[in-house]
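Coordinate inspection notes
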Amino acid sequence: MAIEDLLLKSSDLPDHKLVGYVEIGVPIFKRNLHCLLLQEKNLHVVEEFVLRLSEHNLSLNEITNLLGLDPQLVEASWYNLISMGFIEPLEKSITEQGIIYIQDNKIDSYDKTDIPVVIDGLTGEIKADRNWISAQNIRELGIQVVDPFIETPDKEDLINFSEVNNVLHAINKNDDDDESSAGKLLEILKIRPKKTQYKRICILLYSDTNNNVRIMAYDGNEHKQKYEASLIGLDERGFSIYKINEELYFKQYSNIKYESLLKSDNEIVGPGKLYSYMYDLMDEAKTILDISIPLVELHIPTDKMISKIVELLKKKVKINYIVSGRQFASELQKKQYEKLLELRNKYEGLFKIQNIAEYTNKCILIDTKKGLVSKLVQHSVGLAKSNLTMTEEGFLIEQHSELQTLKNFYFEETKENIIIELMDKKEIETKLKGIAEMVVNVDDHLLSVNGKGWIGGGAIPNLQRLLSIPVATTEEKFENFVNTVMQSLIEVLNKGNRNSYFFVDFKNYFPKIQRVLHKIRVYRNAGHHLKLDDQVKENYFLFLNEDLNGALPIFVENGYHILQTKLIRDLYDVLIAEVNNIRSVFNSL
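Just so it is clear, the structure is predicted and the values come from calculations on it, not from any experiment. (Residues numbered from 1 in each chain as written. Predicted model: local features only at pLDDT ≥ 70, side-chain atom pairs only at ≥ 80, totals over all residues. Heavy atoms only, no water.)

Counting secondary structure elements, the protein contains 21 helices and 16 strands. The C-alpha radius of gyration computed for the protein amounts to 36 Å, which surpasses the reference 25 Å derived for 589 residues by more than 25%, pointing to a less compact arrangement than a globule. Considered along the principal axes of its C-alpha atoms, the protein spans approximately 120 × 75 × 50 Å. Put simply, the protein has 589 residues, and 49% of those count as buried. Counted over contacts in the protein with a minimum sequence separation of 6, partners at least 24 positions apart contribute 75%. (Helix = DSSP H or I, 4+ residues; strand = E, 2+ residues; numbered from the N terminus. Rg over C-alpha atoms; globule rule 2.2 N^0.38 Å. Buried < 20%, exposed > 50% of the residue type's maximum accessible area, 1.4 Å probe, protein only. Contact = heavy atoms within 4.5 Å.)

On to the sheet that holds strand β16 (residues 388-397). Strands sit in the order β13-β12-β11-β14-β15-β16 across an open sheet of 6 strands; the sheet is mixed. Each end of this open sheet is capped by a strand with a single partner; those strands are β13 (351-356) and β16. The average angle at which neighbouring strand axes cross in this sheet is 15°, direction not considered. Summarising the sheet, strand β14 (residues 362-366) and strand β15 (residues 370-380) pair through 5 bridges and their orientation is antiparallel. Across the sheet, Lys362 pairs through a bridge with Ser374, a residue of β15. Packing of helix α11 (residues 271-284) onto the sheet brings it into contact with β11 (288-294), β14, β15 and β16, and relative to β15 it is tilted by some 160°. (Pairing = 2+ DSSP bridges. Axes fitted to C-alpha atoms, helices over the stretch in contact; angles between N-to-C directions.)

As enumerated under the stated definition, the model contains 19 aromatic pairs in all. A ring pair is formed by Phe478 and Tyr560, whose centres lie 5.5 Å apart and whose planes are at 40°; its orientation type is tilted. Placement of Phe478 in helix α17 (residues 475-490) and of Tyr560 in helix α21 (residues 559-588) is noted, with a sequence separation of 82 residues between them. Of the residues examined, Phe478 reaches a relative accessible area of 4% and is grouped as buried. (Phe/Tyr/Trp six-rings, centres within 6.5 Å; stacked < 30°, edge-to-face > 60°.)

Another aspect to go through is the packing of α11 against helix α12 (residues 303-314). Direction vectors running N to C along α11 and α12 enclose 15°, while the axes themselves pass 10 Å from each other. Comparing their axes, α12 and α11 come out roughly parallel. Viewed along their axes, α11 and α12 form a crossing whose handedness is left-handed. On α12, the residues touching Met278, Tyr279, Met282 and Asp283 of α11 are Lys304, Met305, Lys308, Ile309 and Leu312. For the contact of α11 with α12, the class distribution of residues is 6 nonpolar, no polar and 3 charged. (Parallel < 35°, antiparallel > 145°, perpendicular 65-115°, else oblique. Left-handed = near helix turned anticlockwise from the far one by under 90°. Nonpolar A, V, L, I, M, F, W, Y, C, P; charged D, E, K, R; others polar.)

It is worth spelling out helix α4 (residues 71-83) at this point. The terminal C-alpha atoms of α4, which comprises 13 residues, lie 18 Å apart, in line with the 18 Å expected from a rise of 1.5 Å per residue. Residues Val74, Ser77, Trp78, Leu81 and Ile82 constitute the buried set of α4. The arc that holds the buried residues of α4, viewed along the axis, is 145°, so those residues lie on one side. Exposed residues lying more than 90 degrees from the buried face of α4 are Gln72 and Ser83. Contact partners of the buried residues in α4: α2 (45-54), α3 (60-67) and β2 (87-88). Gly85 sits one or two residues past α4 and shows a positive phi near 80°. (Expected span 1.5 Å × (residues − 1). Arc of directions from axis to C-beta.)

Here it is in structure tokens:
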């Protein structure tokens, strides 16, 4: 990530402390400008000769003979000059306009053209069109998008005329290396908007002793001073330029171990040195590398870190990787962990990765000889809107007793293995057929009770698709499973005006059935959205505690298959119990 490279190279400003760092997405407005141009042109070479010879009162025949050209070509040039007003047709003499051309050697003409440009949403700077990052990709990368500082450039008076002219000349120079052919911009006739894209910018926030904030902005390694005033201005207008999305981390996390290990002689360092220390430690690892990383925005495994892990695995270094927390900060973070999980499969026995529910410190240990531990720290800074920022700080540990404490606390076996007999394709199909039959039985009974039933007396939607569900060996297949069950058995309960039926009436009649269906519903929502509403998140974590000892299924070996097995068996079992109960009541009548 660019922010990591920047932190490795950056140094503190005099009398300032680093209080925040983040990658932001700057809006880049893409516009197609339909423009009127004044072009300065020359006559065609034959027309040029015909005009200049006409100045000497030569006839058309005399000019043709003198040039020795095709008479039709000379005649066509003659009439072109008449149409341009350079020759008087009756007197067949050169006009005043023709004389002016001979003196200036140019013709003014008017053309319309489209000029594609991009306009920086913070500075208003206009450049030739190029592609940046799409809105979808910026979301997947988990990069915070800032609001534009300039007014949306959809009116001519909001467009810098001079900069558009510069773009026009640059485009023409690149096309034919003749800057004079660009013409002069006279008017912007129409502005056609295109989809807004985004530029990745890294910002570092520094605060002095008076809590005044200085922002340093970088495009790669290039310092972009123009952005800094715009970002401060955005904050003063009430728009956020820095958002902390780690409320759950600070709510759950405890500094007990960090504080107990911190000694007076420990040097507390910031993120730049911590990155450097981490890679130095990984280079020194000989036999065992222990890593504990919380699932937070500041700790996304980089490609550089993953490459270093691969290098160690090839050297037969055993790696124990603990992921704490159970909420991905972004699609990018999830994709990076998917890369690590592929290594677990490739280097089985060498690379172990597991997930624990509660957040812990970031911790790196090598061969139980050296290590580092860090924590995230919130800062209250002197900004109007973005007044809460976050950094990482930590320290190195080399004393054996402290290292053993870390080892015991962070890397001891935290969970029992999940013991379950997984369902194969045949058992899944058999159980689903049984579920479908019992759903019809429950529906018949409920129809007689309240006239609404479960599936309303009709057929189960998408029944064949339900019965042909594959084994959930991957996340994609698990999503297919929960989506299908949702469509066949849950959405049918909420058709028409029955939006509350699932959570009220149906739940009151069959609370155990409703709970299993609700669990499927929650797992489906979690698969579709990284960020969950508080109530959905609470239920999701509760269900993970019940089914996977609190871990995210992506980190559990056969995690999605385990969930599918438990959900189908649970639904089958509660349906059998309810159907038997219905039959016993009926038989007692």
